[in-house]
Amino acid sequence: MSQKMPLNTDSRLYLVDGSAYIFRAFHALPGLTRKSDGLPVGAISGFCNMLWKLLTDVNDAAQEHIGTPTHFAVIFDHKSKTFRNDIYPAYKANRGEPPEDLVPQFPLIREATRAFGLPCIEQEGYEADDIMATHARLAEEAGAEVVIVSSDKDLTQLITDQTVMFDPMKNKIIDHGAVVEKFGVAPEKMIDLQALMGDGTDNIPGVPSIGPKTAAQLLKEYETLDALLERTGEIKQKKRREVLEMHKEEALLSRQLVTLERHVPVPDRPEDFGVTDLDHSQLVTFLEEMEFSTLTRRVREAGGVEAPPAKAPAVAPINQDAYETVFDIDQLKDILNDAEDIGVLAIDTETNSLTAMQARLVGVCLSARAGQGVYVPLTHGSKGGAEGLDLDDEDAARQLSVEDVVACLQPILANPAILKIGQNLKYDALVLARYGLEIISYDDTMLMSYAADCGLHGHGMDELSQLHLGHKPISFSSVVGTGKKAKTFDQIPIKDASPYAAEDADITFRLHQTLKQHLLQQKMSTVYETLDRPLVPVIVQMERHGIKVDQKVLADLSHDFSARMANHEKAAHDAAGEAFNLGSPKQIGEILFGKLGLPGGKKTKTGAWSTDADVLDGLALEGHPVAMEILQWRQLSKLKGTYTDALVEAIHPETGRVHTSFSLAGTNTGRLSSNDPNLQNIPIRTEDGRKIRRAFVPEKGNVLISADYSQIELRLLAHIANIESLQKAFRDGLDIHAMTASEVFGVPLEGMDPVVRRQAKAINFGIIYGISAFGLAKQLGIPRGEASQYIKDYFEKFPGIKQYMDETIETAKEKGYVTTLFGRRSHTPNIKAKNPSQRNFAERQAINAPIQGSAADVVKRAMIKLPSALAGTGLAAKMLLQVHDELVLECPKDEADETCAVVKQVMEQAPLPAVHLSVPLVVEAGVGQNWNEAH
């Protein structure tokens, strides 16, 4: 490991551009995988070989002109956005996602750096170049020489009398003379040169048509960019003069972007990077784990490390007796220090509530290696404070304070170099955020499973443990009890709680090891890394923000619904000729099919009449008044119970807002779902549903913004199924439903009957969900034969859609899954089921999932990009809700227009650069003093 060593005029600091090393290494050995599990390791292997060569060549004084390093560090780009994105949101926006095989190698390359005993440096908000610029400045100020190991032209601006660059691939030194020879200007003018010529790789605009030679010529004549822009009138070439005058702002912006920040607030100093002797044994251990036999042999020979007599023991079996309960703060610090050295920590919270925004921390579970399980109890037996401890539980009095444990956890959770592992980490992040803790750098085993096996099984820890580890964990219900006898976790004695809690951390750690490999084998790493994992902090913030509701509006609606329910109840009683309970399926069945003898009655297995929605809908369509009144009563009862009454109860006592919980792994298509309360199912097409939306309001001085994708699923269908007529209609901005009506029913667009358009709209959206003739007939209130003909005519006019549906079903039968545009899989295990209803459902799912799933992925990409886009423009807007294709935000009233513009731009460009659609995405953004008004 490196050590603290002061710098002076005899010192020499090597700064390795680690990110450049990664991509060079990846492209040198892109197809290499680890034999034992198929893990891609090409970049890791190339990186290790390059670093070994650099270190051994230097130590052999091969680079005699630059000398041996006294200080050494490897610098990486942080995965987060940088301050340049705040200046220019399009910075590097043209870059695609990293190759799928490279993504899982990033953290292992950092592990490799540490195995070499070298500092592994990265910093949120800054690029590796900025960090190198800062350390180079600090080293120069101490009188030291600096060697930047890279060939990146962006770094040439750092070259001075004390600083040179070294290209290890060409074994070439890049100094002042080399820069002048290659670029025609000295290093101190490279910033202005790059500002003029721009950089297509980083999406830096520069000045159009000004290349490196022209830029060098201009700077030779005018010395600086500022002088050039002030004196453009002197330029004789008309085109060159005009383009410089026209693009002056782009040149100045580009200069900002290419100028390296030399004053990054770095936590480490160059003197911390003192070189020590290489620990060959430590490096060999890592190389053996990666199965790099050739390099392992070289390192063994160089360090005199003998081969071990036998392989390392297998992973320790799950042993609950080995788990620990921590009552000593020094023991906790030792465990966390151990995790810091290893670079990984599984964490889980135990609380007194399943509702994260109201949960109080009861304990923390930790694990840094398979077989380790640690429980840190905090508030068992507590009634809200230190007082009230149940001293019958002797351990309760020994618990550490919440404040002390939070203080210990804070630097670990915030350290990006330590990977935090959680199962449904969103919940833990929400709980910990209420104690001032933020989790930086994380993996979520639930989401890893969801990305790899969506549709095959559930993704809860107990199910995953049995599936992947063959172990049935201690169940939560066996610890806290069930039903009315159930206790909250803080009421459980610590001796009973600890084995359950510690096991959670151990299993989560083990699942991460297994699922990481499984994710790679299924080639779902990109889906996880770009769609699911980055969404966690976004959802955490949305749930923390919550949304305000107007209690008076809700109270008025409840009163209105109650009065109307009473009217429908009376009308039903009058039509039936007697009073009965409209909330009792049994009594309804007896009235409809027993007393009134209406047709279509079927009895369930219990012998009672079936009165589900389909039965009542059928009777209502036939005009039977009792069924019609019951349906009306049921709809109002559901709205009242689910929303107008329940929303008041859901208001958080501290925030005064409603905080829904979004499930990130609850659907088979990638869509988010909402619960406690469910704010995604408020009906928008009924007047009563819209009235409920009026109860959602902003804080004083703010407005709500509703940004909704227009017909996104139809647009994606046109793209995925390659329906040229639909694609053209969307590109031309036509009314797609009217166009469909014209095509299918042969009616002119002008003066079209709204009823005909409504029928076409029902077919358009119904086709996406695999609607049957019976379903369409029921929806439109027309005979089944007529509906069947509509569908037949539709497929004749758009044969590509039928072809897409047939091919998709065949693909699902062959592979067992279908995919979205972004690579997400939705498995269809019942696609070959013998049961017709199961098989038909799976076929409809196969048809719909690529479309609805792609739409869900687009929305997720927009949600991930929006926070930084809003912050980058200095806007205060906050995302509050996601409802299928709609995002709801709250912002200051005077920022509404600008916020709408940013939101529309981000949402409409969300698929880029991963997917280029053949149709435009259109977002309609509205502003209002309530949700309905904004929609």
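Residues numbered from 1 in each chain as written. Predicted model: local features only at pLDDT ≥ 70, side-chain atom pairs only at ≥ 80, totals over all residues. Heavy atoms only, no water.

A. Here's a closer look at the pairing of strand 4 (residues 145-149). Counting buried positions along strand 4 gives four out of five residues, so the element sits mostly inside the fold. Summarising the sheet, strand 4 and strand 5 (residues 163-167) pair through four bridges and their orientation is parallel. Pairing of Val147 across the sheet is with Val164, part of strand 5. (Buried < 20%, exposed > 50% of the residue type's maximum accessible area, 1.4 Å probe, protein only. Helix = DSSP H or I, 4+ residues; strand = E, 2+ residues; numbered from the N terminus. Pairing = 2+ DSSP bridges.)

B. Quick look at the pattern of salt bridges. Scanning the entire structure with this criterion turns up 46 salt bridges. Linking Glu145 and Arg12 is a salt bridge whose minimum nitrogen-to-oxygen distance equals 3.0 Å. Note that Glu145 is positioned in strand 4 and Arg12 in strand 1 (residues 12-17), a separation of 133 residues in sequence. On the basis of relative accessibility, which here comes to 36%, the residue Glu145 falls in the partly exposed class. Look at Arg12 and you get buried, because its relative accessible area is 17%. For Arg533, the salt bridge is made with Asp443, and the minimal N-O distance between the two is 3.5 Å. (Salt bridge = Lys/Arg side-chain N within 4 Å of Asp/Glu carboxyl O.)

C. Representation of the pairing of strand 10 (residues 374-377). Going residue by residue along strand 10, you find Val374 and Val376 tucked away on one face and Tyr375 and Pro377 tucked away on the opposite face as well. The pairing of strand 9 (residues 361-367) with strand 10 spans four bridges and is classified as antiparallel. Within strand 10, the position partnered with Leu366 by the bridge is Val374. Counting the residues that bridge the hairpin from strand 9 to strand 10 gives six residues, and of these Gly371 lies at a positive phi of roughly 100°.

D. Region of interest: the sheet that holds strand 3 (residues 120-121). Read from one edge to the other, the open sheet built from six strands follows the order 3-2-1-4-5-6, with strand pairing classed as mixed. For this open sheet the edge positions go to strand 3 and strand 6 (172-174), each flanked by a neighbour on one side alone.

E. Up close: the environment of Gly125. Among the secondary structure elements, Gly125 is positioned in the loop between strand 3 and helix 5 (128-141). For Gly125, a relative accessible area of 17% translates into the label buried.

F. Local environment of the sheet that holds strand 8 (residues 344-351). Ordered in space as 7-10-9-8-11-12, the six strands form an open sheet in which the pairing is mixed. The open sheet has two free edges, formed respectively by strand 7 (324-325) and strand 12 (442-444), since each of these has just one partner strand. Strand direction decides the pairing type here: strand 8 and strand 9, joined by six bridges, are antiparallel. Across the sheet, the residue bridging to Thr349 is Val364, located in strand 9. Helix 17 (residues 445-453) rests against strand 11 (419-422) and strand 12 of the sheet, and its axis sits at about 55° to strand 12. (Contact = heavy atoms within 4.5 Å. Axes fitted to C-alpha atoms, helices over the stretch in contact; angles between N-to-C directions.)

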